[in-house]
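Understanding the architecture of this molecule
Chain by chain, the residues:
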Amino acid sequence: MLVFDFEFNEPDMLCQDSHRDYTSIIVQPEKHSMPSSCPHCGSKMYRHGRYTRKLKEMPVYPDTTYTLIIKAQRYRCPECGFTLRQEIPNRYPGTNITKRVAAWIKAFLNAKFPVSQIEDITGIHWDTIRKIQEELISQALNEYEDLRIKNGYRPKYLAIDEFAIRKMHKYATCVMDLEKGHVIWAGLGRAKADFEHFFKDIPTDYLEQVEAVAMDMNASYNLLVEQYLPQATIVYDRYHMQAQFGREVIGTTRLEAVKVHRKQADQLIIQAECETQNETREMLEAQAKEEKRIASLLKKSRWTLLKNSKKLKDSEQQKLATILESHKEVAICYAMKEEMIRLYELRNEQQARDGWLNWFSAAKASGIPALVKFAQLKEKRLLGLVAHATIPISTGKLEGFNNVIKTAKRTAYGYLNNEFFLRLIRYLSLPKV
């Protein structure tokens, strides 16, 4: 219990000064009897002066800072020299703030307030807030782990994906339990040696019931899952497959067509400049203008070509029809994209196998360089593509959680301590129970 030595005046709220008002309150712990004996030698202890501790208290008004100046007793053993301080019951362990402030900080952190905003509200240094946040994260992770052990829970479906931890191609890898939505592991890097730490950090018995793992076609993930989880089926994610096809096949083919139209437009302009007859010159200029219009239409049609045909608006469908009628290679790539979507919706393994084999044969027979190269690379991953028919899992939930990670990075303006950031990711993914 704390006893106030005197009353204090509240700060003048009419003051327009931008700096914080500081008010100090001198208090002292309630007097109690001296310790009966020294905990080391058993001798009687005596008072040995007083000590002062300053604790930050929660401000009552905005832009104010309240400090408790606590004066307490110190005791000393005359035999062994051991000193003992009178306990301050209102102090939060390991800090110079009160338990009331710590409770408010925890409430702000649970409400997803950025540390900078909590510092502005409470007047507490961000390093102290970060320390409380680390304790909160450790407590939550330990409680969840104890609950998991108590229930004997084992994950069945996992998802693996990387995300950018900072600029200059610095990546980290996440492994999520798809049933619970919890990130069970996060580590720096995406190479084979980096991802191998997952199997060393996570107990073997925890992964013994894993039935399937969703991932992109990262060779490092593939090899290590086959090595450490031989019982698990690898399922290649639909999102990454379609995104890569859209980028490397449809995108490349579309831009090649744009270059052709622009080149033809330039040639027509040169011919028009050399032409002496007005009618012929006007005709050539009109043709060049049309080539530029088609090139611009193709250039702006990226999302129209990538979008699911069932979700296109009427105006987009007309635009798409115009493009496909006049560009054979783009039309073939678009048709292959739609067939890929259909194959991912199949739930029969044999139908999926036959469908993918026909898809790869048609792609290689098309003669389109980007499509042929894509088919040759992906045909080697046939088993993982067919597996989606019987185990329709994906990394979609983990991809969605990447937005939470980006928000955490943005609100904190980045993290210098990578280990803390990785633990924060696991904390943010904890199920709400």
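Further up the page is the structure itself.
Here the residue index of a chain counts from 1 through its sequence in written order. Side-chain atom pairs in this predicted model are given and counted only at pLDDT of 80 or more, local residue features only at pLDDT of at least 70, and totals for whole chains, interfaces and linings cover all residues. For side-chain calculations, the full set of non-hydrogen atoms in the structure is used, while hydrogens and water are omitted.

**Description of the nonpolar core**
For the record, the criterion: By convention a nonpolar core is built from buried Ala, Val, Leu, Ile, Met, Phe, Trp, Tyr and Cys residues, the set being connected through side-chain atoms within 4.5 Å. The buried label goes to any residue with under 20% of its type's maximum accessible area, the exposed label to any with over 50%, and the partly exposed label to all in between, with areas taken from a 1.4 Å probe on protein chains only. Helix and strand definitions follow DSSP, with helices as H or I runs of at least four residues and strands as E runs of at least two, each counted in order from the N terminus. In this analysis, two residues are considered to be in contact whenever any of their non-hydrogen atoms come within 4.5 Å of each other.
Membership of the largest hydrophobic core comes to 55 residues, with the highest contact counts inside it found for Phe195, Phe198, Trp356 and Trp359. When residues in this core are grouped by element, the largest group, seven residues, is from helix 10 (residues 328-344). Setting aside chain neighbours within four positions, we find tryptophan 356 in contact with Met241, Met340, Leu343, Tyr344, Leu382, Leu385 and Val386. Of all hydrophobic cores here, the second largest spans 45 residues; its members include Ile165, Ala212, Ala214 and Ala387.

**Side note on the pattern of salt bridges**
So the rule is basically this: We define a salt bridge as a contact between a side-chain nitrogen of Lys or Arg and a carboxyl oxygen of Asp or Glu at a distance within 4 Å.
Tallied over the full model, the rule gives ten salt bridges. A salt bridge links arginine 293 to glutamate 290, with the nearest nitrogen and oxygen atoms 2.7 Å apart. With arginine 293 and glutamate 290 both in helix 7 (residues 278-299), this residue pair falls three residues apart, about one helical turn. Taking the relative accessible area as the measure of exposure, arginine 293 reaches 44% and is therefore partly exposed. Under the relative-accessibility criterion, glutamate 290 is labelled partly exposed at 35%. The salt bridge involving lysine 337 is made with glutamate 338; its shortest N-O contact spans 2.8 Å.

**Brief notes about helix 4 (residues 192-201)**
As a reminder, the rule being used: In this description, one arc is meant: the one made by directions from the helix axis to the C-beta atoms.
By the burial criterion, the buried members of helix 4 are Phe195, Phe198 and Phe199. Summarising the axial view, the buried residues of helix 4 lie within an arc of 90°, below the 170-degree limit, and thus occupy one face. Facing away from the buried side of helix 4, by more than 90 degrees, are the exposed residues Ala193 and Lys200. On its buried face, helix 4 is in contact with strand 6 (157-166), strand 7 (170-177), strand 8 (182-188) and helix 5 (219-228).

**Some points on helix 1 (residues 99-110)**
Every α-helix winds through 3.6 residues per turn, so residues three or four apart in the chain are directed the same way. This is how it is decided: Any helix carries an expected span of 1.5 Å times its number of residues minus one.
Here helix 1 contains twelve residues, and its C-alpha end-to-end distance of 16 Å stays within 8% of the 16 Å for a straight helix at 1.5 Å per residue. Here helix 1 has its buried residues at Val101, Ala102, Ile105, Phe108 and Leu109. Down the axis of helix 1, the buried set is contained in an arc of 120°. They therefore lie on one face. Contacts from the buried residues of helix 1 go to strand 3 (46-57), helix 2 (115-122) and helix 3 (126-151). Lysine 112 occupies a position one or two residues after helix 1 and carries a positive phi of about 65°.

**Quick look at the side chain of arginine 148**
The condition that has to hold: Nitrogen and oxygen atoms within 3.5 Å of one another constitute a polar contact, given that in protein one can donate a hydrogen and the other can accept it, and given that sequence-neighbouring residues count only through two side-chain atoms.
Along the chain, arginine 148 turns up in helix 3. For arginine 148, the side chain forms a polar contact with the side chain of glutamate 145, separated by 2.6 Å. Those residues within four positions of arginine 148 in sequence are excluded, and the remaining contacts are Tyr153, Arg154 and Tyr206.

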